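# Tertiary structure, described
Below, each chain spelled out in residue letters.
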Amino acid sequence: MTKKERAALVAKVLEKTFPDPQIPLQHKDAYTLLIAVLLSAQCTDVRVNQVTPKLFALADTPQKMAVLDPKQIEEIIRPCGLFSMKSKAIWKLSRDLLEHHRGKVPQTLEALEKLPGVGHKTASVVMVQAFGKPAFPVDTHIHRCAERWGLSSGKNVVQTERDLKRLFPRSKWNKLHLQIIYFARKYCPARGHRVENCPICKLLTQG
């Protein structure tokens, strides 16, 4: 089976299994999404969704966040882990948005990646979910599955992103990245994975 054939099979199963995936992080606009995604680094979506209502009740705009003391942010986001680093990043990027972007979240990958604490994956998620622009954010779930399904060599997330963008139509990227994440969590986990219990791995093994 060629990579293209594998990709077609994967897309078919994903569409059947998760036809309408929604981003699991609660947010109301591009700014709150950016903060939620930043907080999700090495933290579960469930935990982030428990923390953000408290944070956004205090400050849900760059203007409100920038006047807080980073220690106030730190105290609220402590359950998310890496709280000291994340609180400083949230405070700094809020000030940066005010100073350089008139308080608005920029709509290009390049500009997003220049914000404090914002890496390529976070920027890609914001591009997809806030602005509907094509991107293929690769997290650990997608990286693992792409290698396991024979779609990428799996050397690093940069290579995985490049390989997946080649294999799937640009119009499908935004939906696929969420479909793979949901599928990976339910059927293709890192630990305790059983081929016979995974609809995709089972088909690829048979093929």
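Above this text is the structure in question.
Report on the accompanying structure. These numbers were taken from a predicted model, which means no experiment stands behind them. (Residues numbered from 1 in each chain as written. Predicted model: local features only at pLDDT ≥ 70, side-chain atom pairs only at ≥ 80, totals over all residues. Heavy atoms only, no water.)

## Quick look at the overall build of the chain
The helix and strand tally for the chain stands at 12 helices and 0 strands. If you list the helices and strands of the chain from N to C, you get α-α-α-α-α-α-α-α-α-α-α-α. Computed over the C-alpha atoms, the radius of gyration of the chain is 18 Å, within 12% of the 17 Å expected from 2.2 N^0.38 for a compact globule of 207 residues. Scored against the burial criterion, the 207 residues of the chain give a buried share of 46%. Sequence separation of at least 24 residues holds for 59% of the intrachain contacts in the chain that already meet a minimum separation of 6. As presented, the chain carries roughly 10800 Å² of accessible surface, and 53% of it is formed by carbon and sulfur atoms. The averaged location of the 18 negative side-chain charges in the chain is 4 Å from the averaged location of its 34 positive side-chain charges. (Helix = DSSP H or I, 4+ residues; strand = E, 2+ residues; numbered from the N terminus. Rg over C-alpha atoms; globule rule 2.2 N^0.38 Å. Buried < 20%, exposed > 50% of the residue type's maximum accessible area, 1.4 Å probe, protein only. Contact = heavy atoms within 4.5 Å. Areas by Shrake-Rupley, 256 points an atom, 1.4 Å probe, with all protein chains shown as cover. Lys, Arg positive; Asp, Glu negative; His and termini not counted. Charge placed at Lys NZ, Arg CZ, Asp CG, Glu CD.)

## Points about the environment of F136
Turning to its location among the elements, F136 is positioned in the loop between α8 (120-131) and α9 (140-148). With a relative accessible area of 0%, F136 lands in the buried category. Separated by 55 residues in the primary sequence, F136 and G81 have C-alpha atoms spaced 25 Å apart.

## Comments concerning the pattern of salt bridges
One pass over the full model with this rule turns up 10 salt bridges. K71 is the salt-bridge partner of E74, the closest N and O atoms lying 3.9 Å from each other. With E74 and K71 both in helix α5 (residues 70-77), this residue pair falls 3 residues apart, about one helical turn. Across the pair R78 and E74 runs a salt bridge, and its minimum N-O distance is 3.8 Å. Overlapping salt bridges bring together K71, E74, E75 and R78 as one network. (Salt bridge = Lys/Arg side-chain N within 4 Å of Asp/Glu carboxyl O.)

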